[in-house]
Every structure is written in C-alpha cells, then in structure tokens.
Amino acid sequence: PGFIFTTAIPPPVASAALASIRHLKESNEERIKMHTNAKILQARLRQMGFPMLSTVSHVTPVLVGDPIKCKQAPDKLLNEYGIYVQPLNFPTVPRYT
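Presented here is a report on the structure given in the accompanying data block. Predicted model only: the values in this text are computed from it and were never measured.

Residues spaced three or four apart along an α-helix point in a common direction, a consequence of the helix completing one turn every 3.6 residues. Its 19 residues give helix α2 (residues 29-47) an end-to-end C-alpha distance of 27 Å, which sits within 8% of 27 Å, the value for a rise of 1.5 Å per residue. Among the residues of α2, those classed as buried are Ala38, Gln42 and Leu45. Down the axis of α2, the sector holding all buried residues measures 65°, keeping them to one side. In this structure, α2 carries Glu29, Ile32, Lys33, Lys39, Arg44 and Gln47 as exposed residues pointing more than 90 degrees from its buried face. Remark: Gly49 follows α2 within two positions and exhibits a positive phi of approximately 90°.

On to a nonpolar patch on the surface, then. A surface patch of nonpolar side chains, amounting to about 350 Å² of accessible area, comprises Met48, Phe50, Val62 and Val64. Summarising the element assignment, Met48 is placed in the loop between α2 and α3 (67-81).

Let us look at the packing of aromatic side chains. Within the structure shown, the criterion is met by 0 aromatic pairs. A cation over an aromatic ring shows up here: Arg95 above the ring of Phe90, its NZ or CZ 3.8 Å from the ring centre.

Turning next to the side chain of Gln42. Mapped onto the elements of the fold, Gln42 is located in helix α2. For Gln42, the side chain forms a polar contact with the main-chain oxygen of Ser57, separated by 3.3 Å. Leave out the neighbours within four places in its chain, and Gln42 touches Met52, Thr55, Ser57, His58, Val59 and Thr60.

Another aspect to go through is the environment of Pro51. You can see Pro51 is positioned in the loop between α2 and α3. Residue Pro51 is classed as partly exposed on the basis of its relative accessible area, which comes to 42%. When the C-alpha positions of Pro51 and Val62 are compared, they lie 5.9 Å apart, and in sequence the two are 11 residues distant. Every residue in contact with Pro51, bar those within four places of it in the chain, is listed here: Pro61, Val62 and Leu63.

A few words on the side chain of Ser27. Within the secondary structure layout, Ser27 lies in the loop between α1 (11-26) and α2. Within the structure, the side chain of Ser27 is placed 2.7 Å from the side chain of Glu30, a separation counted as a polar contact.

The next thing to look at is unusual backbone geometry. The phi angle of most residues is negative, glycine excepted, and most peptide bonds adopt the trans form. With omega at 15°, the peptide bond leading from Phe90 into Pro91 counts as cis. Here Pro91 is to be found in the segment after α3. For Tyr96, which is not glycine, the phi torsion reads 60° and is therefore positive. Inspection of the secondary structure assignment puts Tyr96 in the segment after α3.

Conventions and cut-offs
Residues numbered from 1 in each chain as written. Predicted model: local features only at pLDDT ≥ 70, side-chain atom pairs only at ≥ 80, totals over all residues. Heavy atoms only, no water. Helix = DSSP H or I, 4+ residues; strand = E, 2+ residues; numbered from the N terminus. Expected span 1.5 Å × (residues − 1). Buried < 20%, exposed > 50% of the residue type's maximum accessible area, 1.4 Å probe, protein only. Arc of directions from axis to C-beta. Patch = residues over 30% accessible without salt bridge, like charges linked within 9 Å, V, L, I, M, F, W, Y side chains within 5 Å. Areas by Shrake-Rupley, 256 points an atom, 1.4 Å probe, with all protein chains shown as cover. Salt bridge = Lys/Arg side-chain N within 4 Å of Asp/Glu carboxyl O. Phe/Tyr/Trp six-rings, centres within 6.5 Å; stacked < 30°, edge-to-face > 60°. Lys NZ or Arg CZ within 6 Å of the ring centre and 35° of its normal. Polar contact = N/O pair within 3.5 Å; in protein donor to acceptor, adjacent residues only side chain to side chain. Contact = heavy atoms within 4.5 Å.

Below, the structure is given as structure tokens:
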C-alpha cells in the first residue's frame, strides 16, 4: 500500500473536543474564571503603563507598535514562562499598532 495523506483530526481528539463542548454548554465556571483572570491581567497591564485598547471581552489588545517586537514578546513569554500569546501584525491589524 502507498502513503495516504489526510488532514482529518484523530478520532480521540474529535471525541475530546466534543466532550469539552458538551461540558462548556452546561458549565459557566470556566467562562467566569477566564473573564475574571482577563480583567485582572488587563488592570495590571494598565497599571504598568502598557498601551491598550479598551475591551469588554477576554481578548487583551496590547499595542506594541513594532512588528519585530510584536513577534519577540510572545516568543519570550512562551520560551521563558510557558505562556502562549497570539501576536497580530499587519495585515490583520493596521501597521504599527
């Protein structure tokens, strides 16, 4: 037999995702904790002087202003502290934001 390429997720991953969705439909505990943690983070970042856009969601938009630093900061957070942050650069957001 030859090599078969597929992009489908493995059945155990699909099953776990479905179980997570079913759980989160019934539970608000995780959602409340996420929003609480996001508000604490946002308040601390503002106290430290980070430029941020205002938000009412868990998304925490910190303005970096430099595309290289916007990539370096998340790399450092992941490599040194195990914290994943999704950087956004142009064209997803305006240049130098």
